[in-house]
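Secondary and tertiary structure notes
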Amino acid sequence: MKEKKQLAFIGLGAMGLPMAKRLVEAGYPLKTAVHRNEKSAEELQEMGAVFEKSYSLAVKGADVIFVIVPADDEMRKTMLDEAFMEALKPGAVL
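Quick summary incoming for the structure in this document. These numbers were taken from a predicted model, which means no experiment stands behind them.

In terms of regular secondary structure, the chain is built from five helices and four strands. Reading the chain from its N end, one meets helices and strands in the order β-α-β-α-β-α-β-α-α. Relative to its length of 94 residues, the chain is compact, with a C-alpha radius of gyration of 12 Å against a globular reference of 12 Å. With respect to the principal axes defined by its C-alpha atoms, the chain has extents near 35 × 30 × 20 Å. When each of the 94 residues of the chain is scored for burial, the buried share is 36%. Counted over contacts in the chain with a minimum sequence separation of 6, partners at least 24 positions apart contribute 56%. As displayed, the chain has an accessible area near 6000 Å², and 54% of this comes from carbon and sulfur atoms.

Listed below in structure tokens is the structure:
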């Protein structure tokens, strides 16, 4: 059986949390970090997701990275962070 891709998910709001839940329910290994809502994080962690202390740690080693944040400024702060960029695996899909 083929090993499932490692996923990272950033943004567990109204759109992101349901999407992340479906990925975990489908058996994908998923890592994330808390953005705003700790309750969403706890709920997802109970389902089997792994929580890291930062987004750069969450994306380290991920094959596919999902980012759903509500504003351009948050996107820049997340994805243009030097530690985030350095943690990206060569060939990862963002």
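Attention now moves to the packing of aromatic side chains. Taken as a whole and judged by the stated rule, the model has one aromatic pair. Ring geometry for phenylalanine 9 against phenylalanine 66: centres 5.3 Å apart, planes inclined by 20°, an arrangement best described as stacked. Placement of phenylalanine 9 in strand β1 (residues 7–10) and of phenylalanine 66 in strand β4 (residues 64–67) is noted, with a sequence separation of 57 residues between them. For phenylalanine 66, a relative accessible area of 26% gives the class partly exposed. The ring centre of tyrosine 28 lies 4.6 Å from the NZ or CZ of lysine 4, which sits over that ring.

Counted under the stated rule, the structure contains three salt bridges. For glutamate 43, the salt bridge is made with lysine 21, and the minimal N-O distance between the two is 2.3 Å. Placement of glutamate 43 in helix α2 (residues 38–46) and of lysine 21 in helix α1 (residues 16–25) is noted, with a sequence separation of 22 residues between them. With a relative accessible area of 29%, glutamate 43 lands in the partly exposed category. One salt bridge in this structure joins aspartate 63 and lysine 89, with 2.5 Å as the shortest N-O distance. Remark: lysine 89 occurs in the segment after α5 (82–87) and aspartate 63 occurs in the loop between α3 (55–59) and β4; sequence separation between them is 26 residues.

Conventions used here
- Residues numbered from 1 in each chain as written.
- Predicted model: local features only at pLDDT ≥ 70, side-chain atom pairs only at ≥ 80, totals over all residues.
- Heavy atoms only, no water.
- Helix = DSSP H or I, 4+ residues; strand = E, 2+ residues; numbered from the N terminus.
- Rg over C-alpha atoms; globule rule 2.2 N^0.38 Å.
- Buried < 20%, exposed > 50% of the residue type's maximum accessible area, 1.4 Å probe, protein only.
- Contact = heavy atoms within 4.5 Å.
- Areas by Shrake-Rupley, 256 points an atom, 1.4 Å probe, with all protein chains shown as cover.
- Phe/Tyr/Trp six-rings, centres within 6.5 Å; stacked < 30°, edge-to-face > 60°.
- Lys NZ or Arg CZ within 6 Å of the ring centre and 35° of its normal.
- Salt bridge = Lys/Arg side-chain N within 4 Å of Asp/Glu carboxyl O.

Any functional reading would require information beyond the geometric quantities listed.
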